[in-house]
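# Understanding the architecture of this molecule
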Amino acid sequence: MRYSALTVLTQALRGHAGWRPAWRNPAPAPDYDVVIVGGGGHGLATAYYLAKHHNVGRIGLLEKSWLGNGSVGRNTTIIRSNYLLPGNLPFYELSMKLWEGLEQDINYNAMVSQRGVFNIYHSDPQRDAYARRGNAMRLHGIDAELVDRDALRQRIPYLDYDNARFPIQGALLQKRGGTVRHDAVAWGYARAADRLGVDIIQNCEVTGIRQERGKVIGVETTRGYIGAKKLGIAVAGASSLVAAMAGLRLPIESHVLQAFVSEALKPLIDTVITFGAGHFYISQSDKGGLVFGGDIDGYNSYAARGNLPTIEDVCEGGMALMPMIGRARLVRHWGGIMDMTMDGSPIIDRTPVENLFLNAGWCYGGFKATPASGFCFAHLIACETPHKVATFYRLDRFASGRLIDEKGVGAQPNLH
Amino acid sequence: MRIACPYCGPRGLEEFLYHGDASVRRPEDGGAVPDQAWTDYVYLRENANGPHRELWYHHAGCHAWLVVTRDLRSHDILGVTAARDEA
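Remember, it's a predicted structure, so these values are computed and weren't measured experimentally.

Rules of the game
- Residues numbered from 1 in each chain as written.
- Chains lettered and ligands numbered in written order.
- Predicted model: local features only at pLDDT ≥ 70, side-chain atom pairs only at ≥ 80, totals over all residues.
- Helix = DSSP H or I, 4+ residues; strand = E, 2+ residues; numbered from the N terminus.
- Rg over C-alpha atoms; globule rule 2.2 N^0.38 Å.
- Buried ≥ 20, exposed ≤ 12 C-beta atoms within 10 Å, placed from the backbone.
- Contact = placed C-beta atoms within 7 Å.
- Pairing = 2+ DSSP bridges.
- Axes fitted to C-alpha atoms, helices over the stretch in contact; angles between N-to-C directions.
- Domains from an automatic or database assignment.
- Nonpolar A, V, L, I, M, F, W, Y, C, P; charged D, E, K, R; others polar.
- Core = buried A, V, L, I, M, F, W, Y, C linked by C-beta atoms within 7 Å.
- Expected span 1.5 Å × (residues − 1).
- Bend = angle between axes of the 7 residues up to and from the residue.

Counting secondary structure elements, chain A contains ten helices and 18 strands. Relative to the compact-globule value of 22 Å for 416 residues, chain A shows a C-alpha radius of gyration of 21 Å, a close match. Projected onto its principal axes, the C-alpha positions of chain A cover 65 × 65 × 40 Å. The 416 residues of chain A split such that 51% are buried. For chain A, the share of sequence-separated contacts (at least 6 apart) that also reach a separation of at least 24 residues comes to 75%.

As structure tokens, this is what we get:
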């Protein structure tokens, strides 16, 4: 069923009795030409773009629990392409362009809202750093504006401009940045991939990777053995665990990142704002909750929940930026597991094991990358060469020294 | 999460800094050639799901380096020793 205003109207007149499940729930076939492990945003996007743009035969996607249970449903929904380094800029801009056309492409309302992203700066050196970033963006054809204090005050009057420690001087603005309804991204890609014939198999956990003479031939799962001519791993949060099944050690530590939602308020924050003197970012959902977050907790974890010192730190950042939120009650907070790489940038590459492809290491910035990640990973699996905007995301860059370290902090995953 | 420092007793997490996997060993040769042993030491991690030996620094306390064994699934701390006793 194609979704449109007409379908909604017809269904309304028929008491909404005619809606069908958005995707099938098939039993796994004995084998597939391509198996994607991971039913999060990146895995689903990969399956969709494989089916849409590449002629690779039958595609199966395996998810250990339900679609979108992982980080695609746990993030703070922000999209942007305001990066600095040449290895990152074209990739994230491709992602932004795919977001802009996503809903028409997959026929699903993902609530893509280009409400702008303001990165606030608080000092002269920070203004220079943001100006440099904005210039790098513009050189790559990406929109960026430096907004001074007066213009910012007119646009966002409720910030603490005269904070004694962190006075606000202005902001770097990317107008095309914004937010997207994260669950709808998973559901939309799942539905679109399913319509192109991809078998999406939930509650099917991969427990082993079967190899023959250095080549992957299939996966052991909780629902039996499934043969695979090619295997793509897109399981951020558990990348090291799945890669270990093929005997690989990755340059990744798993860390916990918390996110927060306040009680629902009337429309208040109509954009995305990030604090420059600490780590804090905030937007408001259509339900009215303030959605915000900050740093990762900073220690290895697979527990998907964090500790109180980080919550205090995030809330302090929020209070320093916009004291008005001090009266809002925090109603929910949760944790998700991040693949923190040693340079803070992702990996989309082949592996030393033949027919095994890896999409991993998204740190805490994977949501905005979802469309381009799927697009480039599909290209890699089908063509066996990297897509031109993802050539820097190699697995061997750690050995060769070609790191992509946006923050410049070295091989300390908890600092990226 | 509270860590029982062998010198200071149980203290809150905010007193400690984390420095990652304690099981990696710096290559002996100290050489300038970036070979596989150095790549392994600097970048590659086991990152298994379960008990994890890791380094913590008691920066807001006694400044001792500690080796903490912690279950990554539950954050339960299974043991704390001074790093100098492990070396």
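Having seen the structure, we can now continue with the description.
Residues and elements named next belong to chain B. One open sheet holds the four strands; their spatial order is S3-S4-S5-S6, and the pairing between them is antiparallel. Here the strands that pair on one side only, and so sit at the sheet edges, are strand S3 (17–21) and strand S6 (77–82). Between one strand axis and the next, the sheet turns through 30° on average, direction left out of account. Examined bridge by bridge, strand S4 (residues 51–57) and strand S5 (residues 65–71) share seven bridges and lie antiparallel to one another. From the neighbouring strand, proline 51 faces S5, where its bridge partner is aspartate 71.

Right, let's get into the domain arrangement of chain A. Residue and element names in this part refer to chain A. According to the domain assignment, chain A contains domain 1 (19–78 + 182–251 + 343–415) and domain 2 (114–176 + 253–341). Domain 1 puts 24 residues into the contact, and the matching count from domain 2 is 22 residues. Classifying every residue of the side of domain 1 that touches domain 2 gives ten nonpolar, twelve polar and two charged.

Residue and element names in this part refer to chain A. Residues Val35, Val37, Ala47, Tyr189, Ala193, Leu231 and Ile233 are the most contacted members of the largest nonpolar core, which totals 124 residues. Broken down by element, this core gets its largest block of residues, nine residues, from helix H9 (residues 366–383). Looking at this core, you find at least three residues from each of domain 1 (19–78 + 182–251 + 343–415) and domain 2 (114–176 + 253–341). Beyond its immediate sequence surroundings of up to four residues, leucine 231 is in contact with Val35, Val37, Ile209, Val216, Val219, Asn355, Leu356 and Phe357.

Attention now moves to unusual backbone geometry. Among all residues except glycine, the phi angle is most often negative; among peptide bonds, the trans geometry is most common. Non-glycine residue Cys363(A) carries a positive phi angle of around 50°. Mapped onto the fold, Cys363(A) is located in the loop between strand S18 (356–360) and H9. Its identity as a non-glycine residue notwithstanding, Asn47(B) has a phi of 50°, on the positive side. With 25 C-beta atoms counted inside 10 Å, the residue Asn47(B) sits in the buried group.

Our next topic: the sheet that holds strand S16 (residues 330–341) of chain A. All names here are of chain A. The eight strands are arranged S5-S6-S4-S13-S14-S15-S12-S16 in an open sheet whose pairing can be described as mixed. Of all the strands in the sheet, the pair left with one neighbour each is strand S5 (145–148) and S16. Averaged over all pairs of adjacent strands, the angle between their axes in this sheet comes to 25°, without regard to strand direction. As paired elements, strand S4 (residues 117–121) and strand S13 (residues 272–275) share three bridges and run parallel to each other. Along S13, the bridge assignment pairs asparagine 119 with threonine 274.

Turning next to the interface of chain A and chain B. Listed per partner, the contact involves 22 residues of chain A and 20 residues of chain B. For the side of chain A that touches chain B, the elements supplying multiple residues, two or more each, are helix H7 (239–244), strand S12 (252–264), strand S15 (289–300) and helix H10 (397–400) of chain A. For the side of chain A that touches chain B, the residue count by class is twelve nonpolar, eight polar and two charged.

Moving on, we get to helix H8 (residues 308–321) of chain A. With 14 residues, H8(A) ought to run about 20 Å at 1.5 Å a step, and its terminal C-alpha atoms sit 20 Å apart, in line with that. In this fold, the buried residues of H8(A) make contact with S12, S13, strand S14 (280–284) and S15 of chain A.

Let us look at the pairing of S4(B). Of the strand pairs in this sheet, S3(B) and S4(B) are connected by three bridges, and their pairing is antiparallel. When the bridges of S4(B) are listed, Tyr18(B) appears paired with Trp56(B).

Another aspect to go through is the environment of Ser113(A). All names here are of chain A. Among the structural elements, serine 113 can be located in the loop between helix H3 (89–106) and S4. According to the C-beta neighbour criterion, serine 113 is partly exposed, with 18 such atoms within 10 Å. Expressed as a C-alpha distance, the spacing of serine 113 and alanine 303, which sit 190 residues apart in the sequence, is 32 Å. Among residues more than four places away in sequence, those in contact with serine 113 are Gly178 and Thr179.

Time to look at H9(A). Residue and element names in this part refer to chain A. The largest bend in H9 is about 40°, located at alanine 372. Here H9 lies mainly inside the structure; 16 of its 18 residues are buried. Just past H9, the residue glutamate 384 takes up positive phi, approximately 60°.

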